[in-house]
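Working through the structure, step by step
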Amino acid sequence: MEEIRIPALLDAHVHLRQGRLLTAVAPYTERCCSAAVLMPNTDPPLDTPERLEAYQAEVRGHFKHCQPLWTFKLTEKTSLADVVHFKKLGCVAAKLYPEGVTTNSAGGISLDVLGNVGKGRDMPLDRTLQSLCDYSIVLSCHGELPGLFCLDREAGFLYHLGRIMHRFAALRVVLEHISTRKAAEFVTLRGYANRLAATITAHHLLLTLDDVLGDKLAPHHFCKPVAKRPDDREALWELVLQGHPNVFLGSDSAPHLRGDKECAAGCAGVFTAPVLPEVLFELFEQRQALDLIPRFTSQNAQRFYGLTPSERTITVLRHGWTVPKECAGVVPFRSGDVLSWRLVTPA
Ligand code: NCD
Ligand code: ZN
């Protein structure tokens, strides 16, 4: 049977949650990743060093082979002392959520503060962004501007990102889960060469808005940013297929219990962790690009985040299997579908 071995994945954007859900979903990341950048939009969010320390204690027991890479949530109250403390705790990135833009983003950065970055006033966010430069912490952005028409929110954020990058010339930035041609073009702007990266999810490489609401409403395909036009999806593939050095996997695997998705006000998030390597192999094979997998799934992110390459490898077998209908109360991506590759679980 055909099998392929690659370096274990580096998932540069994943939501592991807390408590029972963490216990249920962490093994999916542990089984296939050498490292994972853990998002801070827990409840309460990881916006103080004390909360991060408590979360670290909770998460650590779930990982043996996968290295957790910590992040914290930027707020208008984040102080210089906090940034220094977060750095000591091992944070690689500070997450900017425009206020109200997605799951648990209350208390994020208001539009008013975002709009005033770099305007020469002594704004707290300016001081925090400068400290990220000083302490070599990446700014990780949920790149959507709340309040705009939903399909235009990502493009709307780019204006602010441009201003931030112009004002802070040493700032290193990841634009998370890009979903539009405009964002893909922004990432290739030459002026930002080595200090702007983008993550792309497996689901944005597959879905368009049609898969969310073109036929019957598909709540398990609903996420922020919402999947867009076929041309936008092609633009993401163009970046991946050119092996762009600053473009890498961030699964944005975001589990919500079935009842919180299948209801009148369903939560945003696609739970891809249980099928992540398998779906990536399927998609890259369809593009005849299996050889490009390692740079997208580990090498580019390792370089951008300055991490030592891991020795861990994973093996994927050509072997048809049906994705379970539910994993730990959560409906996984591709639930009920037959996939043609399967991760070999290490003994
Ligand atoms: C994420 C979640 O549920 O935490 N949801 C999503 O749709 N992507 C939050 C986020 O990354 O926006
Ligand atoms: Zn996310």
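Each chain carries its own residue numbering, running from 1 in the direction its sequence is written. Naming scheme: in the order in which they are written, chains are lettered from A and ligands are numbered from 1. With pLDDT at 70 or above as the cut-off, local features in this predicted model cover only qualifying residues; side-chain atom pairs require 80 or more to be listed or tallied, and sums for whole chains, interfaces and linings still use all residues. Side-chain metrics in this entry use all non-hydrogen atoms of the structure; hydrogen atoms and water are not considered.

Some thoughts on the packing of helix 2 (residues 49-60) against helix 3 (residues 80-88)
Applicable threshold: Between N-to-C directions, angles cover 0 to 180 degrees, with each direction set by a line fitted to C-alpha atoms, over the stretch in contact for helices. Runs of H or I in DSSP of at least four residues are treated as helices and runs of E of at least two as strands, each being numbered from the N terminus. Oblique is the label for any angle not covered by the other classes, which are roughly parallel (under 35 degrees), roughly antiparallel (over 145) and roughly perpendicular (65 to 115). With the far helix as reference, a near helix turned anticlockwise by less than a right angle produces a left-handed crossing, and one turned clockwise produces a right-handed crossing. In this description, contact between two residues means that some pair of their heavy atoms is separated by no more than 4.5 Å. Polar here means any residue other than Ala, Val, Leu, Ile, Met, Phe, Trp, Tyr, Cys and Pro, which are nonpolar, and Asp, Glu, Lys and Arg, which are charged; Gly is therefore polar.
The geometry of helix 2 relative to helix 3 is characterised by a closest axis approach of 10 Å and an angle of 20° between their N-to-C directions. Judged by the angle between their axes, helix 2 and helix 3 are roughly parallel. Both helix 2 and helix 3 take part in a crossing whose hand is right-handed. Contacts from P49, E50, L52 and E53 in helix 2 reach D82, H85 and F86 in helix 3. When grouped by side-chain class, the residues that make up the contact of helix 2 with helix 3 number 3 nonpolar, 1 polar and 3 charged.

A word on the environment of C133
Defined as follows: Exposure is judged per residue with a 1.4 Å probe applied to protein chains only, and the accessible area is read against the type maximum: over 50% gives exposed, under 20% gives buried, and values in between give partly exposed.
Note that C133 resides in helix 5 (residues 124-134). Look at C133 and you get buried, because its relative accessible area is 16%. C133 sits 41 residues away from V92 along the chain, and the two C-alpha atoms are 12 Å apart. For C133, the residues in contact, after removing those within four places along its chain, are F168, A170 and L171.

A short note on the site of ligand 1
We apply this condition: Working definition: residue near molecule or strand if any one of its non-hydrogen atoms lies within 4 Å of it. Any pair of N or O atoms that falls within 3.5 Å is considered a polar contact. Within protein, one atom must be able to donate a hydrogen and the other to accept it, and sequence-neighbouring residues count only if both atoms are side-chain atoms. Throughout, the Shrake-Rupley method with a 1.4 Å probe supplies accessible areas, and for residues the shown protein chains are the sole cover considered.
Around ligand 1 sit 15 residues, and of these N41, T102, K224, D252 and H256 come closest. At a separation of 3.0 Å, an oxygen atom of ligand 1 approaches a polar side-chain atom of T103. One nitrogen or oxygen atom from the side chain of H142 is found 3.2 Å from an oxygen atom belonging to ligand 1. Considering ligand 1 on its own, with 320 Å² of exposed area, one finds that the protein chains cover 100% of that surface.

With respect to the nonpolar core
The condition is simple: By convention a nonpolar core is built from buried Ala, Val, Leu, Ile, Met, Phe, Trp, Tyr and Cys residues, the set being connected through side-chain atoms within 4.5 Å.
Ranked by size, the top nonpolar core spans 95 residues in total, and within it L129, L139 and F284 carry the most contacts. Counting residues per element, this core draws most heavily on helix 11 (residues 276-286), which supplies 6 residues. Core analysis: the second largest hydrophobic core is formed by 18 residues, A12, A35, V37 and Y305 among them.

Side note on the coordination of the zinc ion (ligand 2)
Note the following rule: For Na, K and Ca the donor cutoff is 3.2 Å, while for all other metals N, O and S atoms must lie within 2.8 Å; water is not among the atoms, so some sites may look incomplete. Only four donors with every angle between 85 and 135 degrees are called tetrahedral; only four or six donors with opposite donors over 155 degrees apart and all others between 65 and 115 are called square planar or octahedral, in that order; all others are irregular.
Distances from the zinc ion (ligand 2) to its protein donors, H13 (NE2), H15 (NE2) and D252 (OD), fall at 2.0 Å. Its 4 donor atoms give the zinc ion (ligand 2) angles of 91 to 138° at the centre, a pattern that matches the irregular case. Taken in sequence order, the residues that donate to the zinc ion (ligand 2) follow the motif H-x1-H-x236-D. In this pair, H15 is assigned in the loop between strand 2 (9-14) and helix 1 (19-30) and D252 in the loop between strand 9 (247-249) and helix 10 (258-261), connecting sequence segments 237 residues apart. Here H15 and D252 have matching classes, each one buried.

Some words on the sheet that holds strand 11 (residues 338-343)
Note the threshold: Pairing between strands is defined by DSSP: at least two bridges between them are needed.
The sheet built from 3 strands is open, its strands ordered 1-10-11 with antiparallel pairing. The open sheet has two edge strands with one neighbour each: strand 1 (3-7) and strand 11. For this sheet the average axis-to-axis angle between neighbouring strands, irrespective of direction, equals 35°. Sheet topology note: the strand 1/strand 10 (residues 313-322) ladder contains 5 bridges and is antiparallel. Within the sheet, the bridge partner assigned to E3 lies in strand 10 and is L317. In the packing of helix 11 onto the sheet, the strands contacted are strand 1, strand 10 and strand 11, and the crossing angle to strand 11 comes to about 115°.

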